[in-house]
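Chain by chain, the residues:
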Amino acid sequence: MRKPLTHLVLLIVALLAGDSVAQSGGELRFCLRSEPKTLNPLLMSDDSSETIRYLTGGVLLRVNRLTQDLEPELATAWKLTNAGKTITFKLRENLRFSDGTTFSADDVAYTIQQLMDPAVHSPTGDAFRSGEGKVQTQALANNRIAITFSAPIAGLDKLFDQVAIISAKSPQKEMAVLGPYYVAENKAGAYLILKRNPNYWKRDSTGRPLPYIDAIRLDIQQNRDIEMLRLVRGEIDFINSLDAEYFDRVMSENPTMAHDAGASLDAEFMWFNQVPSSPLPSYKKTWFTSTNFRRAISEAINRDDLARIAFRGRARPAVGPISPANKFWFNSKLQPHPFDQKSALQRLSLDGFHLQNGALRDREGHVVEFSIITNSGNKYRERMATMIQQDLTAIGIKLNVVTLDFPSLIERMTRTFDYEACLLGLVNNELDPNSQMNVWLSSAENHQWNPSQKTPAKPWEAEIDKLMRAQASTLNAATRKEFVDKVQQIAWEQEPFIYLVNKNALSAVSPSLHNAHPVVLRPQVYWNIDQLSLGAEVARNR
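Presented here is an overview of the structure given in this document. (Residues numbered from 1 in each chain as written. Predicted model: local features only at pLDDT ≥ 70, side-chain atom pairs only at ≥ 80, totals over all residues. Heavy atoms only, no water.)

1. What to know about the overall build of the protein
Okay, step 1: Counting its secondary structure elements, the protein contains 16 helices and 21 strands.
Okay, step 2: Taken against the 2.2 N^0.38 rule, which gives 24 Å for 542 residues, the C-alpha radius of gyration of the protein at 26 Å falls within 12% of a compact globule.
Okay, step 3: Taking all 542 residues of the protein together, the buried fraction comes to 52%.
Okay, step 4: Intrachain contacts of the protein at a sequence separation of at least 6 include 68% that bridge at least 24 residues. (Helix = DSSP H or I, 4+ residues; strand = E, 2+ residues; numbered from the N terminus. Rg over C-alpha atoms; globule rule 2.2 N^0.38 Å. Buried < 20%, exposed > 50% of the residue type's maximum accessible area, 1.4 Å probe, protein only. Contact = heavy atoms within 4.5 Å.)

Encoded structure:
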């Protein structure tokens, strides 16, 4: 039976009204894994504190986590001059902090001076310290400011993504914010309540003020099982980052909540100890410093199996120091090293290694046996180590797996150098390759296979030093890309780190949370926090 037209019109109106309810109001809930160490945006270094900064801090420029492009925020335009030492911003006008204090170039100047003050010890400020000398700020007008550093900084504009502007004159100091939310309540060890900033400047395409959601409750919850249970019960709206095992549990409970954004920036890898002063036998030092030996070990490892079994298919074979998820900087000409144990044995034969009664021996007759250390309690690395052990057995190598508590692991890696090989991972929060300077410079402490070298031990290390310093002092993005591509090529050829897998960026999101598009960059789920909204039912129940 055909329904009257008037009934259809009323139905459409009702649906539109329901959508309107769903698009605003309510309280978003999710968990922090630890209590924030500080609420001062210039002093934040832990994950929980950085979450607060992202939700509350207004920045001049923002890296769009979906496109990875740099976009204007509090600044409408910017320009680099003076050989890359000066950046000039044009600011939005008529903006106010959450407490009503006006925003101007003076606030930017104050923020930068605090950021770069050695007495403040800002972790965020470290990225801007390219040379000796003080930073200079000049307010050219209420809406224009020039910032001059003592030396050029490659990728300078993108660094401002991490700099939340604080007020120079508000009595609330750093608690007065320009972001979508402000901290309204902080119950130590239990939760934080953030509320919508009434002075937030953004509006949607229809002119409605953002953000849509009224408040955010951040419960401090270290127990991953309890966090999962709360998600399933509908007590929280998302889990920003999951490992593969918990992701599979979400898939079994409610597949619509599971989101796999693909390979992340994070890498799992192994390396051999090449420190000359290490207490290793000289013949093992000869093995570990051989490119043929390292390349052979790499080819003997089945990366596809590591991804499929250890990470339940939620990882990808890794290529090198930059993940394919890093759209601009990844060298797309490179591919993961193939699994080819026949080729591995051929490479080893070039250095005099040979099989004898199923065991691999070096040219002097030493049986090839070594140990690999990793951190105890990390089930994924323990699984990988066991699988690598099996792979190397196929080419006659005996691998012993040793798990250590993290302090003991660090002691061996950085002080005694009493280890042969190590299996660990690297968390990458930044797209720019400058974030890996502390790993790839031969003089760096985190140059793990042979740290803090006075002069480069190998010609290829000297070449990487040269290329990394060149890219860091070059402002042309295309030229920097050429230098960084060459670094990746050398790392792929020499394999001081044997890159194994890039873990996938996994998250879980309730269907009641609208406009969530999880990505590979942190924060995966709430990167577009001012665009998120809650369903009508959730908004009513809370």
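2. Description of helix α3 (residues 105-116)
Okay, step 1: If you check α3, its first and last C-alpha atoms are 17 Å apart, about what twelve residues at 1.5 Å a residue would give, namely 16 Å.
Okay, step 2: Of all the positions in α3, only Ala105, Asp107, Val108, Ala109, Thr111, Ile112, Leu115 and Met116 are classed as buried.
Okay, step 3: The elements touched by buried residues of α3 are β5 (86-91), β6 (136-141) and β7 (144-148). (Expected span 1.5 Å × (residues − 1).)

3. Section: the packing of aromatic side chains
Okay, step 1: Here the structure, examined in full by the defined rule, presents 31 aromatic pairs.
Okay, step 2: Relative to phenylalanine 293, the ring of tryptophan 287 lies with its centre 6.0 Å away and its plane at 25°, an arrangement referred to as stacked.
Okay, step 3: Overall, the relative accessible area of 0% leaves phenylalanine 293 in the buried class.
Okay, step 4: Cluster of aromatic residues (ring-pair linked, three or more members): Phe269, Trp271, Trp440, Trp449, Trp460, Phe497 and Tyr499.
Okay, step 5: We note arginine 217 situated over the ring of tyrosine 191; from NZ or CZ to the ring centre the distance is 4.1 Å.
Okay, step 6: The side chain of arginine 383 reaches across the aromatic face of tyrosine 380, ending 5.3 Å from its centre. (Phe/Tyr/Trp six-rings, centres within 6.5 Å; stacked < 30°, edge-to-face > 60°. Lys NZ or Arg CZ within 6 Å of the ring centre and 35° of its normal.)

4. Observations concerning the sheet that holds β5
Neighbouring strands of a sheet are bound in pairs by backbone hydrogen bonds; such pairs are parallel or else antiparallel.
Okay, step 1: On the basis of which strands lie adjacent, the open sheet formed by four strands has the order β4-β5-β7-β6 and antiparallel pairing. For this open sheet the edge positions go to β4 (75-81) and β6, each flanked by a neighbour on one side alone. Across the sheet, the mean angle separating the axes of adjacent strands is 20° when strand polarity is ignored.
Okay, step 2: Where β6 meets β7, five bridges bridge the pair, whose relative direction is antiparallel. Paired with alanine 141 across the strands is arginine 144, a residue of β7. (Pairing = 2+ DSSP bridges. Axes fitted to C-alpha atoms, helices over the stretch in contact; angles between N-to-C directions.)

5. Examining the environment of threonine 137
Okay, step 1: Within the secondary structure, threonine 137 sits in strand β6.
Okay, step 2: Counting along the chain gives twelve residues from threonine 137 to phenylalanine 149, while the straight-line C-alpha distance between them is 8.9 Å.
Okay, step 3: Among all residues touching threonine 137, those that are not within four sequence positions of it are Ala109, Ile112, Gln113, Ile145, Ala146 and Ile147.
Okay, step 4: Here glutamine 113 takes part through its side chain, which lies 3.0 Å from a polar atom of the side chain of threonine 137. (Polar contact = N/O pair within 3.5 Å; in protein donor to acceptor, adjacent residues only side chain to side chain.)

6. Some words on helix α10 (residues 341-350)
Okay, step 1: Regarding α10, the residues found buried are Ser343, Ala344 and Leu348. With its buried residues spanning 140° around the axis, α10 presents them on a single face. Of the residues in α10, the exposed ones pointing more than 90 degrees away from the buried face are Lys342 and Leu350.
Okay, step 2: Residues of α10 that are buried make contact with α8 (291-299) and β15 (359-361).
Okay, step 3: Capping the start of α10 is the job of one residue whose side-chain oxygen sits 3.3 Å from the backbone nitrogen of lysine 342: aspartate 340.
Okay, step 4: Directly after α10, the chain includes glycine 352, whose backbone phi takes a positive value near 90°. (Arc of directions from axis to C-beta.)

7. A few points about the pattern of salt bridges
Okay, step 1: The full count for this structure, using the stated rule, is 33 salt bridges.
Okay, step 2: Across the salt bridge formed by aspartate 214 and arginine 196, the nearest N and O atoms sit 2.9 Å from each other. Remark: arginine 196 occurs in strand β9 (residues 191-196) and aspartate 214 occurs in the loop between β9 and β10 (215-220); sequence separation between them is 18 residues.
Okay, step 3: Given the relative accessible area of 29%, arginine 196 is considered partly exposed.
Okay, step 4: Several salt bridges share partner residues, and in doing so they unite Arg217, Asp219, Arg230, Arg233 and Glu235 into one network. (Salt bridge = Lys/Arg side-chain N within 4 Å of Asp/Glu carboxyl O.)

8. Focus on the sheet that holds strand β8 (residues 181-187)
Okay, step 1: What the four strands build is an open sheet, ordered β1-β10-β9-β8; its pairing is mixed. Edge positions in the open sheet fall to β1 (27-32) and β8, since each of these has one partner strand only. Averaged over all adjacent pairs, the angle separating strand axes in this sheet is 20°, with direction ignored.
Okay, step 2: Two strands pair when backbone bridges link them, and β1 and β10 are joined in this way by six bridges, in the parallel orientation. Residue pairing in the sheet places glutamate 27 in a bridge with alanine 215 of β10.
Okay, step 3: Seen against the sheet, helix α2 (residues 47-56) touches β1, β8, β9 and β10 and runs at an angle of roughly 145° to β8.

9. Some details on unusual backbone geometry
Okay, step 1: In this structure, the amide linkage connecting leucine 210 to the following residue, proline 211, adopts the cis form with an omega of -5°.
Okay, step 2: In this structure, the amide linkage connecting arginine 522 to the following residue, proline 523, adopts the cis form with an omega of -5°.
Okay, step 3: Tracing the backbone shows proline 523 in the loop between β20 (513-514) and β21 (533-534).
Okay, step 4: The backbone of asparagine 94 shows a phi angle near 65°, a positive value even though the residue is not glycine.
Okay, step 5: Position of asparagine 94 relative to the elements: it lies in the loop between β5 and α3.
Okay, step 6: Unusually for a residue other than glycine, arginine 312 sits at a positive phi of about 55°.
Okay, step 7: Counting through the fold element by element, arginine 312 comes out in the loop between α9 (303-310) and β13 (315-317).

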